[in-house]
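Chain by chain, the residues run as shown.
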Amino acid sequence: MRQLLLLIFVFFASQWLFKKLKRAQAAAGAQAGPQGAGATRASHGPAASRSAPQLPDPLVRCAECGVHTPKSEAIVAAGHRFCCTDHAQRYAAHPTGRDAR
Ligand SMILES: [Zn+2]
């Protein structure tokens, strides 16, 4: 009978200890959390996309037709971005178009 009482006591003691340990781990995790996330993120994204961290694929405007295209799908030619190669060629055909400065 005494052993049973001891067992119950050990059970409650271990529960209390577990609670305390969990709280300590949560505090430690909150400190190490942002650093760990930054390390995993740095290996993925290029430095160019730092201006818009919320959007993984920002939209860029086509210099020919003005349509907004995802940056990964946009065609870059002569410093301008286009929605397709056809527009890039068409823009090159008339160099000083509406975008002339
Ligand atoms: Zn276009």
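Whatever comes next refers back to the structure up there.
Residues numbered from 1 in each chain as written. Predicted model: local features only at pLDDT ≥ 70, side-chain atom pairs only at ≥ 80, totals over all residues. Heavy atoms only, no water.

Colleague: Requested: an account of the coordination of the zinc ion, with residues and values cited.
Modeller: The protein atoms donating to the zinc ion are Cys-62 (SG), Cys-65 (SG), Cys-83 (SG) and His-87 (ND1), with metal-donor distances spanning 1.8 to 2.3 Å. Metal-centred angles of 98 to 122 degrees between the 4 donor atoms at the zinc ion mark the site as tetrahedral. Coordination of the zinc ion draws on donor residues from a single chain, spaced C-x2-C-x17-C-x3-H in sequence. Note on Cys-62: relative accessible area 0%, which makes it buried. A relative accessible area of 37% means that Cys-65 is categorised as partly exposed. (Donors = N, O, S within 2.8 Å, 3.2 Å for Na, K, Ca; no water. Tetrahedral: all angles 85-135°; square planar, octahedral: opposite > 155°, others 65-115°. Buried < 20%, exposed > 50% of the residue type's maximum accessible area, 1.4 Å probe, protein only.)

Colleague: Could you give an account of a nonpolar patch on the surface, with specific residues and numbers?
Modeller: Side chains of Met-1, Leu-4, Leu-5, Ile-8, Phe-11 and Phe-12 sit close together on the surface and give an oily, nonpolar patch of about 700 Å² of accessible area. Among the structural elements, Phe-11 can be located in helix α1 (residues 2–42). (Patch = residues over 30% accessible without salt bridge, like charges linked within 9 Å, V, L, I, M, F, W, Y side chains within 5 Å. Areas by Shrake-Rupley, 256 points an atom, 1.4 Å probe, with all protein chains shown as cover. Salt bridge = Lys/Arg side-chain N within 4 Å of Asp/Glu carboxyl O. Helix = DSSP H or I, 4+ residues; strand = E, 2+ residues; numbered from the N terminus.)

Colleague: Any chance you could break down helix α2 (residues 85–93) for me, citing the residues and the numbers?
Modeller: Turning to α2, its buried residues are His-87, Ala-88 and Tyr-91. All buried residues of α2 fall inside an arc of 105 degrees around its axis, so they share one side. Counted as exposed and oriented over 90 degrees from the buried face of α2: Gln-89, Ala-92 and Ala-93. Lining the buried residues of α2 we find β3 (75–77) and β4 (80–82). (Arc of directions from axis to C-beta. Contact = heavy atoms within 4.5 Å.)

Colleague: Which residues make up the packing of aromatic side chains, and what values do they have?
Modeller: Per the counting criterion, the structure on display carries 2 aromatic pairs. Between Phe-11 and Phe-12 the ring centres are 5.6 Å apart and the planes differ by 70 degrees, which places this aromatic pair in the edge-to-face class. Judged by relative accessible area, Phe-11 falls into the partly exposed class, the value being 47%. The exposure class of Phe-12 is exposed, given its relative accessible area of 52%. An angle of 55 degrees between the planes, with centres 5.2 Å apart, marks the rings of Phe-82 and Tyr-91 as tilted. Overall, Phe-82 belongs to the buried group, its relative accessible area being 1%. (Phe/Tyr/Trp six-rings, centres within 6.5 Å; stacked < 30°, edge-to-face > 60°.)

Colleague: Talk me through the environment of Val-60; I want residue IDs and the actual numbers.
Modeller: Its location among the elements puts Val-60 in strand β1 (residues 59–61). Sequence spacing of Val-60 and His-80 is 20 residues, and the spatial spacing of their C-alpha atoms is 9.7 Å. Among all residues touching Val-60, those that are not within four sequence positions of it are Val-67, His-68, Thr-69, Lys-71, Ala-74 and Arg-81.

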